[in-house]
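Okay, here's what each chain looks like letter by letter:
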2 protein chains.
Amino acid sequence: MAPDRNRRRIPDATVSRLPVYLRILSEQGDEGVDSISSERLAELAGVNAAKVRKDLSYLGSYGTRGVGYEVAYLVYQVRRELGLTHDWPVVIVGAGNLGQALAGYNGFGERGFPVAGIVDVDEHKVGTVMGGVRVRHIDELPQIVQTKRVNIGVIATPGGAAQDAADRLVKAGVTSILNFAPVVLSVPHGIETRKVDLAVELQILSYHEQRRSGGVAGAAVGSNPRTATA
Amino acid sequence: MAPDRNRRRIPDATVSRLPVYLRILSEQGDEGVDSISSERLAELAGVNAAKVRKDLSYLGSYGTRGVGYEVAYLVYQVRRELGLTHDWPVVIVGAGNLGQALAGYNGFGERGFPVAGIVDVDEHKVGTVMGGVRVRHIDELPQIVQTKRVNIGVIATPGGAAQDAADRLVKAGVTSILNFAPVVLSVPHGIETRKVDLAVELQILSYHEQRRSGGVAGAAVGSNPRTATA
DNA sequence: TGGGCTTTGTGAATGTGTGCACGAGTGCCT
DNA sequence: AGGCACTCGTGCACACATTCACAAAGCCCA
Ligand SMILES: NC(=O)c1ccc[n+]([C@@H]2O[C@H](COP(=O)([O-])OP(=O)(O)OC[C@H]3O[C@@H](n4cnc5c(N)ncnc54)[C@H](O)[C@@H]3O)[C@@H](O)[C@H]2O)c1
Ligand SMILES: NC(=O)c1ccc[n+]([C@@H]2O[C@H](COP(=O)([O-])OP(=O)(O)OC[C@H]3O[C@@H](n4cnc5c(N)ncnc54)[C@H](O)[C@@H]3O)[C@@H](O)[C@H]2O)c1
């Protein structure tokens with residue numbers, strides 16, 4: 001019960017950690033663990049225990065002092081908070097290299113995000129089957145979104161086509177977009193977007209490598225810092 | 001010449017935006033733009049202009065008041081700061097669905113991260129060619145890392161094998177890891193890791209979708225009345 | 001029943017990031 | 001030469017996030 005609990009805003013940083021807790025809790029549940037302390041959960045999640053407690057406290061007071069959290073109940077609460085009480089079908093735009101890998105990825109559907117469809121502009125790709133889903137023409141996007149009640153779109157087109165893909169998704173009625181193309185999307189207010197940018201991740205790692213090697217510019221490939229800092 | 005050749009620490013938030021600025025600057029440069037204001041760069045990057053200026057100020061004072069930043073020079077400085085003055089070969093562990101997509105992805109090498117090798121445990125995959133790179137057995141990992149001077153490893157194995165992959169990478173001498181498996185890796189101190197977790201991204205979107213249906217007034221631009229709670 | 005042990009939930013302190021506002025340079029025009 | 005328009009660089013205040021530290025609350029057992 002306690003329906004009043006609903007208008008709290010959960011900090012972004014917390015929202016981005018909840019899925020991690022959820023995965024760990026589910027795994028622990030599968031392994032027969034039925035109670036877990038913030039200390040243990042923190043260890044498994046690679047974070048500070050106080051952070052875990054504060055994060056979970058935004059959902060409500062679901063722990064028991066002196067004991068910990070009941071795994072099954074907490075899983076339920078986190079899932080509810082994340083809106084995972086039902087499936088969210090997704091539509092993938094771009095049936096290339098990446099789109100193919102995504103379509104063939106079981107972890108998608110398993111976690112409550114079944115692939116409702118995959119579309120492409122390339123006539124050669126339309127009709128082929130990827131990961132059990134038939135590729136359809138991008139003009140069918142609105143129809144897919146409507147009939148399958150899709151709210152989430154995934155962009156896996158080349159960078160140059162990503163904005164067009166986003167525009168089409170929004171027009172079709174999608175309100176959240178996950179973008180794999182290395183482009184900053186411009187979308188109407190109210191549309192949620194997130195990006196996964198491989199180059200950005202690698203370049204961040206590069207920054208730290210460069211820094212580690214005490215290296216400034218000009219550090220040729222000759223000097224290889226195999227330093228195991230322990 | 002800048003005499004401040006020091007160990008300035010650039011804030012994480014800034015480091016994660018520099019690659020975005022870099023891409024935009026490179027594109028602008030290719031289009032013949034040779035000077036750009038923080039205002040314009042901010043617009044293209046989808047952030048606040050003051051933030052751009054503050055971010056860039058960590059690199060030094062490379063702008064010209066009243067004018068803006070010289071694109072070519074700024075590209076050079078950002079690249080230098082990110083350690084992109086030379087290539088960083090990467091090794092991919094796991095030649096499955098995703099590993100294949102990654103190996104066949106040109107954007108990798110184009111951006112200075114050539115695939116030095118891809119390894120797998122599956123004997124059936126060893127020897128096959130993906131994206132121009134031959135799959136080798138994981139036991140050859142140390143040899144690849146040593147001879148190709150690889151500092152960055154990419155994990156594209158199933159979750160259950162990810163920690164093992166990480167251990168092997170670290171043992172082989174890799175000091176930075178990009179992890180696509182939905183697992184929290186445990187690595188020795190000094191090893192940098194970043195993760196790309198599809199489920200996390202989708203669940204964050206789910207959170208916002210769920211919240212949207214709860215009816216926070218005045219959020220959307222009145223386009224999509226469809227509150228799917230299928 | 002009460003005391004000891006454990007672990008939560010949260011105020012308060014500290015650390016990080018953001019955005020405004022404006023002084024300080026710079027280029028251009030008259 | 002002087003004034004004006006423009007844009008950088010940054011001090012400052014505020015917002016957000018992390019971590020500490022401890023009282024409150026529950027369990028267990030003698
Ligand atoms: N392949 C990877 O491992 C990888 C990794 C990270 C990021 N990315 C990014 O993901 C995106 C896709 O990469 P990829 O390797 O799959 O490329 P790809 O060229 O193999 O596939 C792109 C697909 O998009 C289709 N397409 C083009 N324009 C379209 C449009 N307007 N609407 C719908 N579909 C359209 C093409 O027909 C093609 O099938 C790129 O932006 C790339 O930078 C790829
Ligand atoms: N496919 C996707 O689109 C996608 C998207 C996001 C995340 N992921 C994640 O990426 C990872 C890989 O996904 P996938 O679809 O490519 O899986 P996959 O099963 O197709 O490929 C995994 C590969 O790893 C190899 N492998 C297993 N154990 C290994 C070990 N110890 N050392 C080296 N190689 C090993 C297997 O032989 C196989 O070739 C998974 O963790 C998955 O959750 C995949």
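Note that the structure is predicted; figures quoted are calculated from it, not measured.

In the superposition of chain A on chain B (RMSD 0.1 Å, axial shift 0.0 Å), the rotation amounts to 180 degrees. Such values leave the two copies arranged in the relation of a two-fold axis. When C-alpha distances to the rotation axis are compared across chain A, the minimum falls at Ala101 of chain A, with a value of 3.3 Å. Interface overlap between copies: 89% of the residues of chain A at the interface are likewise at the interface in chain B, consistent with a symmetric, same-surface contact.

Before going further, it helps to examine the environment of Leu59 of chain B. Residue and element names in this part refer to chain B. With respect to the element layout, Leu59 can be found in the loop between helix 3 (49-57) and strand 2 (63-64). A relative accessible area of 2% places Leu59 in the buried class. For the pair Leu59 and Gly173, spaced 114 residues apart in sequence, the C-alpha to C-alpha distance is 30 Å. With sequence-adjacent residues up to four places away left out, Leu59 is seen in contact with Arg8, Ile10, Leu18, Gln77, Val78 and Glu81.

So, about the site of ligand 1. Near ligand 1, the surroundings consist of 24 residues, among which Leu98, Asp120, Lys125 and Thr157 of chain A together with Tyr105 of chain B are the closest. The environment of ligand 1 is shared, with nearby residues belonging to chains A and B. Between ligand 1 and Asp120 of chain A there is a distance of 2.6 Å, counted from an oxygen atom to a side-chain nitrogen or oxygen. Residue Leu102 of chain B places a main-chain N or O atom 3.4 Å away from an oxygen atom belonging to ligand 1. For ligand 1, whose accessible area on its own is 820 Å², the fraction buried by protein is 83%. Of all elements in the fold, only helix 5 (97-103) and helix 8 (159-172) of chain A together with helix 5 (97-103) of chain B reach the threshold of two or more residues within the shell around ligand 1. In terms of residues, the shell around ligand 1 owes the most to one element, helix 8 of chain A, which gives three residues. Its residues placed into classes, the shell around ligand 1 shows 15 nonpolar, five polar and four charged.

Residues lying three or four places apart along an α-helix face the same way, a consequence of the helix completing one turn every 3.6 residues. The end-to-end C-alpha distance of helix 4 (residues 71-82) of chain A, which contains twelve residues, comes to 16 Å, matching closely the 16 Å that a straight helix rising 1.5 Å per residue would cover. Listing the buried residues of helix 4 of chain A in full gives Val71, Leu74, Val75, Gln77, Val78, Glu81 and Leu82 of chain A. Across the axial projection of helix 4 of chain A, the buried residues extend over an arc of 165 degrees, all falling on one side. Lining the buried residues of helix 4 of chain A we find helix 1 (12-30), strand 1 (35-36), helix 3 (49-57) and strand 3 (68-70) of chain A together with helix 9 (198-213) of chain B. Positive backbone phi, at 75 degrees, marks Gly83 of chain A, one or two positions downstream of helix 4 of chain A.

Near DNA strand C there are 27 residues, and of these Ser38, Arg53, Gly66 and Tyr69 of chain A together with Lys54 of chain B occur at the shortest range. Close to the protein, within 4 Å, the atoms of DNA strand C are drawn from sugar and phosphate at a rate of 62%. The side chain of Arg53 of chain A places a nitrogen or oxygen atom 2.9 Å from a base nitrogen of DNA strand C. Contributions of two or more residues to the surface near DNA strand C are made by helix 3, strand 2 (63-64) and strand 3 of chain A together with helix 1 (12-30) and helix 3 of chain B. Counting residues per element, the surface near DNA strand C draws most heavily on helix 3 of chain B, which supplies four residues. Looking at side-chain class alone, the surface near DNA strand C contains seven nonpolar, eleven polar and nine charged residues.

Once that is clear, we can look at the interface of chain A and chain B. Contacts between the two partners involve 84 residues from chain A, matched on the other side by 80 residues from chain B. In this assembly, chain A packs against chain B so that about 7,400 Å² is buried in total across both faces, 59% of it on carbon and sulfur atoms. At the surface where chain A touches chain B, the tally comes to four salt bridges. For the pair chain A and chain B, the interface holds 26 residue pairs in polar contact (both at pLDDT 80 or more). Secondary structure elements with two or more residues in the side of chain A that touches chain B: helix 1, helix 2 (38-45), helix 4, helix 5, helix 7 (141-147), strand 9 (176-179), strand 10 (192-195) and helix 9 (198-212) of chain A. The element contributing the most residues to the side of chain A that touches chain B is helix 9 of chain A, with 15 residues.

So, on to the protein's contact with DNA strand D. Surrounding DNA strand D, one finds 26 residues, the nearest of these being Arg17 and Arg65 of chain A together with Ser38, Arg53 and Tyr69 of chain B. Among all atoms of DNA strand D positioned within 4 Å of the protein, those belonging to sugar or phosphate total 66%. At 3.3 Å, a side-chain N or O of Lys51 of chain A approaches a phosphate oxygen of DNA strand D. One of the side-chain N or O atoms of Lys54 of chain A is found 3.2 Å from a base oxygen in DNA strand D. Listed by contribution, the elements that provide at least two residues to the surface near DNA strand D are helix 1 and helix 3 of chain A together with helix 3, strand 2 and strand 3 (68-70) of chain B. Among the elements that make up the surface near DNA strand D, the one with the highest residue count is helix 3 of chain A (four residues). Class assignment of the residues belonging to the surface near DNA strand D gives a composition of seven nonpolar, ten polar and nine charged.

Right, let's talk about the sheet that holds strand 2 of chain A for a bit. In spatial order, the strands read 1-3-2 (chain A); together these three strands make up an open sheet with antiparallel pairing. In the strand order of this sheet, the two ends are held by strand 1 and strand 2 of chain A, each with one partner.

Criteria and cut-off values
- Residue numbers here run from 1 along each chain, matching the order of that chain's written sequence.
- Key to labels: chains lettered from A, ligands numbered from 1, both in the order written.
- With pLDDT at 70 or above as the cut-off, local features in this predicted model cover only qualifying residues; side-chain atom pairs require 80 or more to be listed or tallied, and sums for whole chains, interfaces and linings still use all residues.
- Based on all heavy atoms of the structure, the side-chain values leave hydrogens and waters out of the count.
- Only residues with pLDDT of at least 70 in both copies contribute their C-alpha atoms to the least-squares superposition of the copies.
- Contacts are assigned to residue pairs that have any heavy atoms within 4.5 Å of one another.
- Under the DSSP-based scheme used, a helix requires at least four consecutive residues in state H or I and a strand at least two consecutive residues in state E, with every element numbered from the N terminus.
- Only protein chains enter the area calculation, which uses a 1.4 Å probe; residues under 20% of their type maximum are buried, those over 50% are exposed, and those in between are partly exposed.
- Nearness here has a simple test: a residue counts as near a molecule or strand if at least one of its heavy atoms is within 4 Å of that partner.
- Nitrogen and oxygen atoms within 3.5 Å of one another constitute a polar contact, given that in protein one can donate a hydrogen and the other can accept it, and given that sequence-neighbouring residues count only through two side-chain atoms.
- For accessible areas, the Shrake-Rupley method is used with a probe of radius 1.4 Å. Any residue's cover is judged against the shown protein chains and nothing else.
- Gly is put with the polar residues, along with every residue not named as nonpolar or charged; the nonpolar set is Ala, Val, Leu, Ile, Met, Phe, Trp, Tyr, Cys and Pro, and the charged set is Asp, Glu, Lys and Arg.
- Expected helix span is computed as 1.5 Å times (number of residues minus one).
- The arc in question is the one traced by the directions running from the helix axis out to the C-beta atoms.
- By buried area we mean how much accessible surface two parts lose on assembly, using a 1.4 Å probe and totalling the loss over both.
- The salt bridge definition used is simple: a Lys or Arg side-chain nitrogen within 4 Å of an Asp or Glu carboxyl oxygen.
- Here a strand pair is declared whenever DSSP counts at least two bridges between the two strands.

Worth remembering: the numbers are spatial, not functional.
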